[in-house]
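# Residue-level structure breakdown
Residue-level listing of the chains:
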Amino acid sequence: MINKKPGKVCDLIHEFTVYNYNLNRRHIDFTELKQLINEIIRTNEFAEIVIIPIYQNSKIGVGIVWDDEDFSISMTENGTITEREIEQEISEIREKEFNLMTDEQKNISLKTVRLFPKGNIETFQFYLKDYVDFLEDRLPIYYKEVLEKIKKDYQNNLELLAYGFLGFEVLGNNIDN
């Protein structure tokens, strides 16, 4: 059983992603993700949120997870954030030192690993909106990667794409401010 965590944001995440009498979690599509983010913004509350892009194909049992592009947002204990704190957070979440990343990895991580100052709801909301904009640019890249994998691993059988689904796993934890 999937228990609902406290807080309005966690209630929304639960409502959008849990079904079958709280027994199963589902991945939501991009349209639902945008709707969820808009509703989270309207609550004027914040939570730690992780959003993971995932492609699943039931016909061939393929699952592709973009681990290096999952969105993670959390609040610091301080009223300000230093560049070093951001780099440290990225290094911990990506499990690779920030200074050893390629420029592309740094740019992606700076868009997807977000810290916001304690209690700053405006920054939290900005980061959520910014992530949706980031995804608007990235979705064609995700689909291209899926297409290339199907072409390479399944003898160019593009009909298999019809059995696939690009979705987002969304998890959240309440933050006591």
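Below is a summary of the structure that appears in this document. (Residues numbered from 1 in each chain as written. Predicted model: local features only at pLDDT ≥ 70, side-chain atom pairs only at ≥ 80, totals over all residues. Heavy atoms only, no water.)

This paragraph deals with the packing of aromatic side chains. Across all of its chains, the model carries eight aromatic pairs by this definition. Here tryptophan 66 and tyrosine 142 contribute two aromatic rings whose centre-to-centre distance is 4.5 Å and whose plane-to-plane angle is 35°, an arrangement assigned as tilted. Here the residue tryptophan 66 occupies a position in the loop between strand E4 (62-65) and strand E5 (71-75), and tyrosine 142 occupies one in helix H5 (residues 121-153), the gap between them amounting to 76 residues. Tyrosine 142 shares its class with tryptophan 66; the two are buried. Every member of this aromatic cluster is reached through a ring pair, and the members are Phe46, Phe116 and Phe124. Sitting over the face of the ring of tyrosine 163, lysine 59 holds its NZ or CZ atom 5.0 Å from the ring centroid. Its guanidinium or amino end placed over the ring of tyrosine 127, arginine 114 lies 3.9 Å from that ring's centre, counting from NZ or CZ. (Phe/Tyr/Trp six-rings, centres within 6.5 Å; stacked < 30°, edge-to-face > 60°. Helix = DSSP H or I, 4+ residues; strand = E, 2+ residues; numbered from the N terminus. Buried < 20%, exposed > 50% of the residue type's maximum accessible area, 1.4 Å probe, protein only. Lys NZ or Arg CZ within 6 Å of the ring centre and 35° of its normal.)

Looking now at the packing of helix H3 (residues 83-94) against helix H4 (residues 103-112). One can describe the packing of H3 onto H4 by two numbers: an axis separation of 10 Å at closest approach and a directional angle of 100°. If you check the angle between H3 and H4, you find them roughly perpendicular. Residues Ile86, Ile90 and Arg94 of H3 form the contact with H4, whose participating residues are Ser109, Leu110 and Thr112. Tallied by class, the residues present in the contact of H3 with H4 amount to three nonpolar, two polar and one charged. (Axes fitted to C-alpha atoms, helices over the stretch in contact; angles between N-to-C directions. Parallel < 35°, antiparallel > 145°, perpendicular 65-115°, else oblique. Contact = heavy atoms within 4.5 Å. Nonpolar A, V, L, I, M, F, W, Y, C, P; charged D, E, K, R; others polar.)

Scanning the entire structure with this criterion turns up eleven salt bridges. With a closest N to O distance of 2.4 Å, arginine 138 and glutamate 69 form a salt bridge. Placement of the pair is arginine 138 in helix H5 and glutamate 69 in the loop between E4 and E5, with a sequence separation of 69 residues. Under the relative-accessibility criterion, arginine 138 is labelled buried at 10%. Members of the salt-bridge network, linked through shared partners, are Lys111, Arg114 and Asp130. (Salt bridge = Lys/Arg side-chain N within 4 Å of Asp/Glu carboxyl O.)

These figures capture arrangement, not role.
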